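Single-letter residue listing:
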Amino acid sequence: MQIGSNVNLFNYTKEQKIKNAIAAKVDGKIVDLNYTLQKDSDVEFIDINSKEGLEILRHSAAHIMAQAIEQLFEGAKFAIGPAIENGFYYDVDVGRTITPDDLKLIEAQMKKIVASNYPFKRIELSKQEALQLFKNKHDEYKVEIIESINDENVSLYQQGNFIDFCRGPHIPSTGYLKYFKLLSVASAYFRGDESRPSMQRIYGTAFATKEDLDNYLNFLEEVKKRDHRKLGKELDLFSINDEVGAGFVIWHPKGAMLREIIEAFEKKEHIKRGYEFVRGPELLKTQLWKISGHYDNYRENMYFTEIENVSFGIKPMNCLGHIQVYKSRLRSYKELPKRFFELGVVHRHEKSGVLHGLLRVREFTQDDAHIFCTKEQLNDEIIGVLDFVQYAMGIFGFEYEMEISTRPEKSIGTDEDWENATNALINALENTKRPYQINEGDGAFYGPKIDVKLKDAIGRKWQCATIQCDFTLPERFNLDYIDKDGLPKRPVMVHRVILGSIERFIAVLIENYSGDFPLWLSPIQARVIPVSEKFEDYANLVYENLRKSDIRVDIEKRNETIGKKIRFAELEKIPYVLIVGQKEYDSQGVAVRKRKIGDLGLCSINEFIEKAKIESGGVL
Ligand SMILES: [Zn+2]
Ligand SMILES: [Zn+2]
């Protein structure tokens, strides 16, 4: 809307009863609500519920938190305090570790500041004046930050006695912050520099309404409950320990079985879809990584070793092995497309600070394939891959979203290559009749790609499949095939994964299902429980029968009451419990108990096997 000169926007919203405005855009530039127009301007008010509005609210909450900390901890120093997705943080140095109890105190202090409703005042100073102010406060972090700014003049914001260096904008006064919560504290380094002293990063969140805050806090509770690291331990799936090394996963029997189920599914589906299995070595000469460009562009993420004075790189990707298979002999157009598949183990260097359960590891397995085809075949190949994605997501019960990333400014390959490949990807996306998003200019320099993100049970999105066209590796390795006209031509190369990293996918499965896997994915599908020692022989007989019929089964041998034995099975989230006692022995059957449902009554062993197979859907 057009508003005239000299109008104060805050007063204007009051007069015009514009609700929920917390800042404004004046001729496209964001300003505080307390801004007075210098000239007739186009004004757009920012609603507290909008993305920008929440960002301003959360960033202001960071200031208020800093104010509380300054009041509670004398001599506290501050680095940066930005809004982030769903919240905010501030890096602070109070000379000691901040505890969860401190967080409660800080939060209580923030509430007092909110109740005082201090206005946020914008102050403009020269850079020198601002520097002097923070030097007087002995806040060397702020001094360093201001020194790194090139502007002559800088802005500061003050609420109550607290003053901070900031561009703004902010909420008009502290009373605007109504629904907030401090969440956690972790150590962090100033500017991420590990050689600097460690600071404390305090995380919090703020929302426009109580309902939104409560929903978000419930969501965080749910995330905590589903944490795959916690469930992985409780369900005895895997472990990671310091003795072996951070980022390297040790798979226990049930976790390894879960992998096996997924890998068996992958193998079967790849064969069905015309892929051939190949396998490259873990180590390839560093010279080869130089040709591929990995040495120049990806070296930081690789591990190297030496054999008889020759340098080798441990593969961070499987491409080079597959290229070697392609190059192992002359290829004719008649044998294209070639689809080489490998459950390829890769190693990547991740800093210890970012390692996270199965989600960020240093060794993982990809369901990786490389398709070598002609330009004309590319379209059908991408359609085939997206069909595979759709099938796999359906089997695992995930909704998903797709995005295409197109040619960036800096890129290699001809205009024709890019157009051909981008069209092939778009055609394939259109062919799925599903919506997709286009990220213009977001592709890798060596080709366009499609990313698939699945949605889990609590609405989180996770990257799974990627389909990447590549114009560089076929060039670098001089790949070709003999075409109809007898001349060598360059094939197109597509890198693709369907589930991505198996480790990561298992983390997603655990969190999605809360460890309560459907029958076909359960590492143990049924447990036989004898009511007493007297029925152990019969329990063994049932166990053997089920095992021979490919049911994944175990047997309870602990000397406990029947009630406790059932409870153990529940804690381990085993889908079926088969109880055997006198009555079951007499009828040569089992008493079936289904997780979360309860007693299903007596049936014969074969009846149970049939039932379990039907429920598994014959996926495997
Ligand atoms: Zn600020
Ligand atoms: Zn690849």
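Coordinates for the structure precede this section.
None of the values given here were measured: they were computed from a predicted structure.

**Description of the overall build of the protein chain**
Working step 1: Summing up its helical and strand segments, the protein chain has 19 helices and 32 strands in all.
Working step 2: With the C-alpha coordinates aligned to their principal axes, the bounding extent of the protein chain is approximately 85 × 75 × 55 Å.
Working step 3: Partitioning the intrachain contacts of the protein chain with sequence separation of at least 6 by distance along the chain shows that 69% fall at a separation of at least 24.
Working step 4: Total accessible area on the protein chain is roughly 30400 Å²; 48% of this is exposed by carbon and sulfur atoms.
Working step 5: A distance of 2 Å separates the average location of the 87 positive side-chain charges in the protein chain from that of its 95 negative side-chain charges.

**Section: the coordination of the zinc ion (ligand 1)**
Working step 1: Coordination sphere of the zinc ion (ligand 1), protein contribution only: His-59 (NE2), His-63 (NE2), Cys-166 (SG) and His-170 (NE2), at 1.9 to 2.3 Å.
Working step 2: Seen from the zinc ion (ligand 1), its four donor atoms lie at angles of 94 to 127 degrees, and the figure they make is tetrahedral.
Working step 3: All donor residues of the zinc ion (ligand 1) come from one chain, and their arrangement in sequence is H-x3-H-x102-C-x3-H. In this pair, His-63 sits in helix α2 (residues 51-72) while His-170 sits in the loop between β10 (162-165) and β11 (179-189), placing the two residues 107 residues apart along the sequence.

**Details of the packing of aromatic side chains**
Working step 1: Counted by the stated rule, this structure contains 24 aromatic pairs.
Working step 2: A ring pair is formed by Tyr-12 and Phe-45, whose centres lie 6.0 Å apart and whose planes are at 15 degrees; its orientation type is stacked. Here Phe-45 lies in strand β4 (residues 41-47) and Tyr-12 lies in helix α1 (residues 9-15), a separation of 33 residues in the sequence.
Working step 3: Relative to Tyr-391, the ring of Phe-265 lies with its centre 6.3 Å away and its plane at 15 degrees, an arrangement referred to as stacked. Of the two residues, Phe-265 sits in helix α8 (residues 253-272) while Tyr-391 sits in helix α12 (residues 378-396), which places them 126 residues apart along the sequence.
Working step 4: Take Tyr-391: its relative accessible area is 33%, and that puts it in the partly exposed class.
Working step 5: Through a chain of ring-to-ring contacts, the aromatic side chains of Phe-265, Tyr-391, Phe-396, Phe-398, Phe-505 and Trp-520 assemble into a single cluster.
Working step 6: When the ring centre of Phe-207 is taken as origin, the NZ or CZ atom of Arg-58, which lies over that ring, is 4.6 Å away.

**Some points on the packing of helix α16 (residues 536-548) against helix α19 (residues 605-615)**
Working step 1: Where α16 contacts α19, the two axes come as close as 10 Å, and the packing angle between them is 40 degrees. As the angle between them shows, α16 and α19 are arranged oblique. Seen from above, α16 lies across α19 with right-handed handedness. Judged by residue contacts, Tyr-538, Val-542, Asn-545 and Leu-546 of α16 engage Ile-605, Phe-608 and Ile-609 from α19.
Working step 2: Considered class by class, the residues forming the contact of α16 with α19 number six nonpolar, one polar and no charged.

**With respect to the coordination of the zinc ion (ligand 2)**
Working step 1: Those protein atoms acting as donors to the zinc ion (ligand 2) are Cys-319 (SG), His-370 (NE2) and His-495 (ND1), and they sit at 2.0 to 2.3 Å.
Working step 2: Site description for the zinc ion (ligand 2): donor spacing in sequence, C-x50-H-x124-H. Pair noted here: Cys-319 is in helix α11 (residues 319-327) and His-370 is in strand β20 (residues 363-373), with a separation of 51 residues, a long-range link.
Working step 3: On the basis of relative accessible area, Cys-319 is assigned to the buried category, the value being 4%.

**Considerations on the pattern of salt bridges**
Working step 1: Taken as a whole and judged by the stated rule, the model has 56 salt bridges.
Working step 2: Linking Glu-381 and Arg-339 is a salt bridge whose minimum nitrogen-to-oxygen distance equals 2.7 Å. Residue Glu-381 is located in helix α12, and its partner Arg-339 is located in strand β19 (residues 338-347); the two are separated by 42 residues in the primary sequence. Considered together, Glu-381 and Arg-339 belong to a single accessibility category, that of buried residues.
Working step 3: Between Asp-599 and Arg-593 there is a salt bridge whose closest N-O contact spans 3.6 Å.

**Let's talk about empty space enclosed by the protein**
Working step 1: This model, assessed by the stated rule, comprises three cavities of 30 Å³ or more.
Working step 2: Together, Leu-235, Leu-237, Lys-254, Gly-515, Phe-517, Ser-522, Pro-523, Ile-524, Glu-572, Lys-573, Ile-574 and Pro-575 line the largest cavity.
Working step 3: Residue composition of the lining of the largest cavity, by class: seven nonpolar, two polar and three charged.
Working step 4: Of the pockets and cavities examined, the second largest cavity occupies roughly 60 Å³.
Working step 5: Contributing to the lining of the second largest cavity are Ile-566, Ala-569, Glu-570, Ile-574, Pro-575, Tyr-576, Val-577, Arg-593, Lys-594 and Arg-595.
Working step 6: Counting only elements with at least two residues in the lining of the second largest cavity, the list comes to α17 (562-571), β30 (576-580) and β31 (589-594).
Working step 7: At three residues, α17 tops the list of elements feeding residues into the lining of the second largest cavity.

Here is what the cut-offs are and how they apply
- Residues numbered from 1 in each chain as written.
- Chains lettered and ligands numbered in written order.
- Predicted model: local features only at pLDDT ≥ 70, side-chain atom pairs only at ≥ 80, totals over all residues.
- Heavy atoms only, no water.
- Helix = DSSP H or I, 4+ residues; strand = E, 2+ residues; numbered from the N terminus.
- Contact = heavy atoms within 4.5 Å.
- Areas by Shrake-Rupley, 256 points an atom, 1.4 Å probe, with all protein chains shown as cover.
- Lys, Arg positive; Asp, Glu negative; His and termini not counted.
- Charge placed at Lys NZ, Arg CZ, Asp CG, Glu CD.
- Donors = N, O, S within 2.8 Å, 3.2 Å for Na, K, Ca; no water.
- Tetrahedral: all angles 85-135°; square planar, octahedral: opposite > 155°, others 65-115°.
- Phe/Tyr/Trp six-rings, centres within 6.5 Å; stacked < 30°, edge-to-face > 60°.
- Buried < 20%, exposed > 50% of the residue type's maximum accessible area, 1.4 Å probe, protein only.
- Lys NZ or Arg CZ within 6 Å of the ring centre and 35° of its normal.
- Axes fitted to C-alpha atoms, helices over the stretch in contact; angles between N-to-C directions.
- Parallel < 35°, antiparallel > 145°, perpendicular 65-115°, else oblique.
- Left-handed = near helix turned anticlockwise from the far one by under 90°.
- Nonpolar A, V, L, I, M, F, W, Y, C, P; charged D, E, K, R; others polar.
- Salt bridge = Lys/Arg side-chain N within 4 Å of Asp/Glu carboxyl O.
- 1 Å grid on protein atoms, 1.4 Å probe; cavity = no way out; pocket = protein on both sides within 12 Å on 5 of 7 lines; lining within 4 Å.
- Points joined across faces, edges and corners; volume = space filled by probe spheres on them.

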